[in-house]
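Here is what each chain is made of, one letter per residue.
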Protein chains: 2
Amino acid sequence: MTPQDRVRAAYARLARGERPEAWITLRDEADVLADAAAVAPHLPLAGSLLAVKDNIDVAGLPTTAGHPGYAYRPSRNAPAVQRLIDAGAVVLGKTNLDQFATGLVGTRSPYGVVRAAGDPDLVAGGSSSGSAVAVALGIADLALGTDTAGSGRVPAAFQGIVGIKPTPGRVPTTGVVPACRSFDCVTVFARDLATAQRAMTVMSDADWPADAPLAAPPYPVVAVPGRDQLTGMSDEWRDAFEQAAKTLETAGAILRPIRLDPFLTAAKLLYDGGFVAERYAAVGAFLDDHPDGADPAVAAIIGAARDIPAHRLVTDTERLDRLRAEAMAEWGDADALLLPTAPIHPTIAEVEADPIGVNARVGTYTNFANLFGLAAVAVPAGPLGVQVIARGHADAVAAGVAAMLTATPAPAPAASGLRLLVVG
Amino acid sequence: MTPQDRVRAAYARLARGERPEAWITLRDEADVLADAAAVAPHLPLAGSLLAVKDNIDVAGLPTTAGHPGYAYRPSRNAPAVQRLIDAGAVVLGKTNLDQFATGLVGTRSPYGVVRAAGDPDLVAGGSSSGSAVAVALGIADLALGTDTAGSGRVPAAFQGIVGIKPTPGRVPTTGVVPACRSFDCVTVFARDLATAQRAMTVMSDADWPADAPLAAPPYPVVAVPGRDQLTGMSDEWRDAFEQAAKTLETAGAILRPIRLDPFLTAAKLLYDGGFVAERYAAVGAFLDDHPDGADPAVAAIIGAARDIPAHRLVTDTERLDRLRAEAMAEWGDADALLLPTAPIHPTIAEVEADPIGVNARVGTYTNFANLFGLAAVAVPAGPLGVQVIARGHADAVAAGVAAMLTATPAPAPAASGLRLLVVG
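Now for a quick tour of the structure.

Counting secondary structure elements, chain A contains 16 helices and 11 strands. The C-alpha atoms of chain A give a radius of gyration of 20 Å, which matches the 22 Å a tight globule of 424 residues would have. Taking the principal axes of its C-alpha atoms as reference, chain A extends roughly 60 × 55 × 45 Å. A total of 424 residues make up chain A; the buried ones form 58% of that total. Counting only contacts in chain A whose residues sit at least 6 apart along the sequence, the fraction spanning at least 24 positions is 76%. For chain A, the accessible area works out to roughly 15200 Å², and carbon and sulfur atoms hold 54% of it. Taken as two groups, the 34 positive and 45 negative side-chain charges of chain A have centres that lie 2 Å from each other.

Attention now moves to the packing of aromatic side chains. For the structure on display, the rule yields 18 aromatic pairs over all chains. Where Phe263(A) meets Phe372(A), the ring centres are 5.9 Å apart and the plane angle is 65 degrees; that geometry is what we call edge-to-face. With Phe263(A) in helix H8 (residues 261-268) and Phe372(A) in the loop between helix H14 (368-371) and strand E10 (375-381), this pair connects stretches of sequence that are 109 residues apart. Of the two residues, Phe263(A) and Phe372(A), both sit in the buried class. Ring plane angle 65 degrees and centroid distance 5.2 Å describe the contact between Phe263(B) and Phe368(B), whose orientation is recorded as edge-to-face. Placement of Phe263(B) in helix H8 (residues 261-272) and of Phe368(B) in helix H14 (residues 368-371) is noted, with a sequence separation of 105 residues between them. Residue Phe263(B) shares its accessibility class with Phe368(B), and that shared class is buried.

Taken together, the contact pairs 17 residues of chain B with 17 residues of chain A. For the pair chain B and chain A, the summed buried area comes to about 1400 Å², and 68% of that belongs to carbon and sulfur atoms. When residues of chain B are sorted by the area they lose upon contact with chain A, Arg181(B), Ala310(B) and His311(B) head the list and together hold 39% of the total. Taking the shortest distance from any N to any O, the salt bridge between Arg181(A) and Asp321(B) comes out at 2.5 Å. In this structure, the connection of chain B to chain A is made through eight residue pairs in polar contact (both at pLDDT 80 or more). Looking at the side of chain B that touches chain A, the elements that each hand over two or more residues are helix H9 (276-289) and helix H11 (310-331) of chain B. Element by element, the count of residues in the side of chain B that touches chain A is highest for H11(B), at eight residues. Taken together, the residues of the side of chain B that touches chain A sort by class into eight nonpolar, four polar and five charged.

At an RMSD of 0.0 Å, chain B and chain A line up after a rotation of 180 degrees and a shift of 0.0 Å along the axis. Given the turn and translation reported, the copies of this chain are related as if by a two-fold rotation axis. Among all residues of chain B, the minimum C-alpha distance to the rotation axis is found for Ala310(B), at 1.7 Å. By residue overlap, the copies meet face to face through one surface: 100% of the interface positions of chain B are interface positions in chain A.

This part takes up the sheet that holds strand E8 (residues 254-257) of chain B. All names here are of chain B. Strand order across the open sheet formed by 11 strands is E1-E3-E2-E4-E6-E5-E10-E11-E9-E7-E8, with mixed pairing between neighbours. Each edge of the open sheet carries a strand with a single partner, namely strand E1 (23-26) and E8. Ignoring which end each strand starts from, the neighbouring axes of this sheet average 25 degrees apart. With three bridges connecting them, strand E5 (residues 162-165) and strand E6 (residues 185-190) associate as antiparallel partners. What sits directly across from Val162, in E6, is Ala190.

Right, let's talk about the environment of Ala244(A) for a bit. Residues and elements named next belong to chain A. Relative to the assigned elements, Ala244 resides in helix H7 (residues 235-250). Taking the C-alpha atoms as reference, Ala244 lies 38 Å from Ala300; in sequence the two are 56 residues apart. Once residues within four sequence positions are removed from consideration, Ala244 is found in contact with Leu338, Ala381, Val386 and Leu405.

As a further point, take the side chain of Thr102(B). Following the sequence through the fold, Thr102(B) ends up in the loop between strand E3 (90-95) and helix H4 (129-136). Apart from the residues within four sequence positions on either side, Thr102(B) is in contact with Arg108(B), Ser127(B), Tyr271(B), Arg279(B), Val298(B), Ile301(B) and Ile302(B).

Okay, the sheet that holds strand E6 (residues 185-190) of chain A next. Residue and element names in this part refer to chain A. The mixed open sheet is built from 11 strands, whose spatial order is E1-E3-E2-E4-E6-E5-E10-E11-E9-E7-E8. Two strands close off the open sheet at either side, each with one partner strand: strand E1 (23-26) and strand E8 (254-257). Going from strand to strand, the sheet's axes swing by 25 degrees on average, the running direction of each strand aside. The pairing of strand E9 (residues 336-340) with strand E11 (residues 384-390) spans four bridges and is classified as antiparallel. Bridge pairing links Leu337 to Ile389 in E11. Helix-sheet contacts for helix H3 (residues 79-86) involve strand E2 (49-53), strand E3 (90-95), strand E4 (142-147) and E6, and the interaxial angle to E4 is about 160 degrees.

So, on to helix H1 (residues 3-15) of chain B. Residue and element names in this part refer to chain B. An ideal rise of 1.5 Å per residue puts 18 Å on 13 residues; H1 measures up with 18 Å between its terminal C-alpha atoms. Buried within H1 are the following residues: Arg6, Val7, Ala9, Ala10, Tyr11, Arg13 and Leu14. Trailing H1 by a residue or two, Gly17 shows a phi angle of about 80 degrees, which is positive.

Two elements in contact, helix H11 (residues 310-331) of chain A and H9(B), have axes separated by 8 Å at closest approach and are oriented at 70 degrees. As summarised for this structure, H11(A) and H9(B) are arranged roughly perpendicular, according to the angle between their axes. Crossing of H11(A) over H9(B) shows right-handed handedness. Across from Ala310(A), His311(A), Val314(A) and Thr315(A) in H11(A), the residues of H9(B) making contact are Ala277(B), Glu278(B), Tyr280(B) and Ala281(B). Broken down by class, the residue content of the contact of H11(A) with H9(B) amounts to five nonpolar, two polar and one charged.

Moving on, we get to the packing of H8(A) against H11(A). Residues and elements named next belong to chain A. Where H8 meets H11, the closest approach of the two axes is 8 Å, and the angle between their N-to-C directions is 155 degrees. On the basis of the axis angle, H8 is roughly antiparallel to H11. The two elements H8 and H11 meet at a crossing, and its hand is left-handed. Here Pro262, Phe263, Thr265 and Ala266 of H8 lie close against H11, whose contacting residues are Arg319, Leu320, Leu323, Glu326, Ala327, Glu330 and Trp331.

Right, let's get into the pattern of salt bridges. One pass over the full model with this rule turns up 46 salt bridges over all chains. Between Asp35(A) and Arg27(A) there is a salt bridge, with the nearest N and O atoms lying 2.9 Å from each other. By relative accessible area, which is 19% here, Arg27(A) ends up buried. Taking the shortest distance from any N to any O, the salt bridge between Arg191(B) and Asp141(B) comes out at 3.3 Å. In this pair, Arg191(B) sits in the loop between E6 and helix H6 (193-203) while Asp141(B) sits in the loop between H4 and strand E4 (142-147), placing the two residues 50 residues apart along the sequence.

All names here are of chain A. Among the residues of helix H2 (residues 29-38), Val32, Leu33 and Ala36 are the ones counted as buried. The arc that holds the buried residues of H2, viewed along the axis, is 100 degrees, so those residues lie on one side. Residues of H2 that are exposed and angled more than 90 degrees away from the buried face: Ala30 and Ala38.

Before going further, it helps to spend a moment on the pairing of E6(B). Residue and element names in this part refer to chain B. Judged by how many residues are buried, E6 sits mostly within the fold: six of six residues are covered. Of the two faces of E6, the one carrying Cys185, Thr187 and Phe189 and the one carrying Val186, Val188 and Ala190 are both buried. Pairing analysis gives six bridges linking E4 to E6, with the strands arranged antiparallel. Each bridged residue has a counterpart across the sheet, and for Gly145 the counterpart in E6 is Thr187.

The rules behind these values
- Residues numbered from 1 in each chain as written.
- Chains lettered and ligands numbered in written order.
- Predicted model: local features only at pLDDT ≥ 70, side-chain atom pairs only at ≥ 80, totals over all residues.
- Heavy atoms only, no water.
- Helix = DSSP H or I, 4+ residues; strand = E, 2+ residues; numbered from the N terminus.
- Rg over C-alpha atoms; globule rule 2.2 N^0.38 Å.
- Buried < 20%, exposed > 50% of the residue type's maximum accessible area, 1.4 Å probe, protein only.
- Contact = heavy atoms within 4.5 Å.
- Areas by Shrake-Rupley, 256 points an atom, 1.4 Å probe, with all protein chains shown as cover.
- Lys, Arg positive; Asp, Glu negative; His and termini not counted.
- Charge placed at Lys NZ, Arg CZ, Asp CG, Glu CD.
- Phe/Tyr/Trp six-rings, centres within 6.5 Å; stacked < 30°, edge-to-face > 60°.
- Buried area = accessible area lost by both parts, 1.4 Å probe.
- Salt bridge = Lys/Arg side-chain N within 4 Å of Asp/Glu carboxyl O.
- Polar contact = N/O pair within 3.5 Å; in protein donor to acceptor, adjacent residues only side chain to side chain.
- Nonpolar A, V, L, I, M, F, W, Y, C, P; charged D, E, K, R; others polar.
- Least-squares fit on C-alpha atoms with pLDDT ≥ 70 in both.
- Pairing = 2+ DSSP bridges.
- Axes fitted to C-alpha atoms, helices over the stretch in contact; angles between N-to-C directions.
- Expected span 1.5 Å × (residues − 1).
- Parallel < 35°, antiparallel > 145°, perpendicular 65-115°, else oblique.
- Left-handed = near helix turned anticlockwise from the far one by under 90°.
- Arc of directions from axis to C-beta.

This is the structure we're talking about:
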């Protein structure tokens with residue numbers, strides 16, 4: 001299949017109208033075809049079709065961050081986008097998201113509630129909802145997301161695909177609308193780990209610490225919480241989580257228990273404390289001035305941050321430092337931590353009934369990672385998504401342990417099946 | 001002179017009652033004598049008499065931070081103190097300071113206004129007022145200070161001694177009452193650079209970045225602002241500053257001009273923005289509950305920070321990042337920056353007439369250093385004090401360039417003269 005064939009297949013799939021809410025801006029097929037024709041075939045991502053979350057700048061396309069009134073048209077690509085294009089990727093368009101990347105559900109957007117690729121009654125997860133759906137449906141090969149509370153991992157879990165969330169700082173956040181500036185990351189989705197890793201390698205800064213590990217050890221020590229700590233999860237999902245741990249053990253990992261308390265306590269600081277003020281600093285004044293087009297939940301969360309006193313942010317920062325020290329003492333000599341990506345996969349109706357509460361539950365296991373400066377890879381595991389989390393700068397360890405969970409090559413992308421539908 | 005002789009000389013000098021306001025707690029002479037007798041003579045600081053600013057913990061002595069009601073009695077030495085004791089230093093006592101290290105004048109203390117060692121009408125400078133005076137009078141050989149806005153440099157300038165302010169993070173701030181947590185440093189005063197450097201080496205963390213420079217280059221490039229930028233300074237002090245630059249040039253430095261605007265703009269952020277909330281977070285609730293014993297200027301500054309919104313702190317942090325980038329672009333390839341330590345040396349009467357305004361003027365050239373993560377060494381230069389500032393982790397460069405300004409060995413400490421007075 002030539003790159004142009006791949007573009008035509010994607011647009012044919014798009015024309016079928018599945019999950020149109022995944023997209024905010026789609027480029028003209030002719031423009032994408034022209035780009036695909038111009039790609040040098042030797043490039044590492046030659047002809048890969050790329051969807052970009054609409055809080056990340058693509059030159060010439062509007063960046064809305066999920067709010068029509070916020071839209072601006074950047075003249076330059078974000079470095080993350082530029083690096084992928086330079087490696088041969090071709091941009092299809094910009095994807096829907098929880099407004100201002102504030103949410104883990106995919107329902108908080110005036111551009112439409114994004115439904116899970118596999119079940120229209122379930123949420124796609126957010127905030128990188130459209131990007132994950134575009135990949136899961138086989139329309140895009142790669143999609144960029146962002147991740148502050150789990151936005152690059154939860155939608156991977158809810159779509160059964162791979163999401164890589166690098167160590168904060170590894171991929172530049174220039175050209176990205178800030179959510180919570182200190183903790184934002186650019187992430188990538190793909191249907192298999194190898195593809196996602198190739199893209200992440202291309203996007204990462206070269207000046208990586210010299211002592212960062214380049215691979216997981218052959219028999220990695222993996223910390224795994226006991227079943228009793230997985231509160232709020234169904235028995236079926238707990239079984240699947242234990243099965244994922246067993247898969248790791250069979251593949252050579254040495255499992256050991258871990259107490260999650262300091263991790264889960266820190267997780268709550270992301271929305272229940274001073275850090276939300278970073279969201280207000282980014283877009284609060286805009287939301288105050290533009291109530292039209294605002295998602296009610298997002299406006300409520302960010303608006304409430306207006307009056308948080310600065311000394312609260314300071315004491316929360318100190319508290320986070322203490323919890324990080326406590327958590328990393330608990331982590332000890334483990335190479336990685338295995339966790340569910342989310343404890344539940346809610347229906348759209350459940351989120352509509354309790355938008356803040358259900359969203360908070362979804363983030364139980366993801367919210368702490370960026371607060372602690374960690375790296376994570378989200379992969380499917382039976383009916384459940386799991387994350388392999390590694391220390392900051394140990395992204396290669398997370399990827400290596402995740403590969404032990406996905407030893408069977410991932411299924412061929414839906415696109416190859418699609419070709420039968422659209423060719424001839 | 002044995003260590004015990006040195007102790008007796010110090011207590012004899014203390015008995016003369018000069019600047020008694022420099023001290024908050026003095027140890028019993030017998031206890032200090034016993035410690036001095038127990039010091040192993042081979043240690044690098046064997047028998048050096050140490051004064052400790054009273055916001056730094058010394059086991060068994062009260063830590064007041066300049067507020068009697070705040071006093072607590074720590075059971076452990078701060079690591080900075082412990083490392084000096086382990087190297088042979090002997091603690092004399094705890095010194096007066098601007099309350100909660102909030103000030104650059106030395107007048108903001110219920111334990112008394114600290115007068116300059118050389119002229120009782122002038123302020124000693126702060127906040128490490130007592131420590132600098134104890135060294136200048138020859139009572140202590142070494143004294144610990146802290147430096148957030150310039151508290152480890154301004155009192156050095158006003159006493160004509162040396163003050164080393166390391167890169168933030170180089171010396172642990174554990175066991176130090178926080179002033180503005182993100183920017184606090186432990187500093188050291190001595191009468192000569194070599195002694196101060198010896199102490200700073202002992203106090204510093206060993207896990208220094210591997211690529212940190214170990215010395216200044218033989219012909220360092222030193223950025224020097226033009227005379228027109230030294231606003232608010234007398235002609236005499238401008239002459240002295242130019243003379244210091246000429247001394248450097250004669251010693252081999254390559255001088256080049258620099259525009260100070262981004263440095264001086266950032267300097268104002270320390271007290272005129274969100275960062276003051278760190279002071280409120282540290283001691284604001286205590287001051288709210290304990291109006292008695294509070295210095296009025298300190299209580300006003302910290303109390304006003306109670307209602308600063310957190311988003312202001314966030315935007316100020318972003319603003320600081322931009323100013324740092326702008327300033328370091330201006331800095332370019334220079335090895336060091338030469339600046340006056342303070343533009344004025346005010347009288348006590350001038351400070352009493354305008355406590356906030358005069359204090360702010362004193363900090364013109366010191367306030368930015370910790371905001372930008374830089375290292376600095378303050379040394380005397382004629383009637384004026386100057387600072388040699390180097391990039392973060394380039395402490396050795398700052399010290400090396402400072403040594404070019406103090407090429408003549410520093411005068412023997414006053415203590416050797418004193419001995420004649422107290423012996424026999």
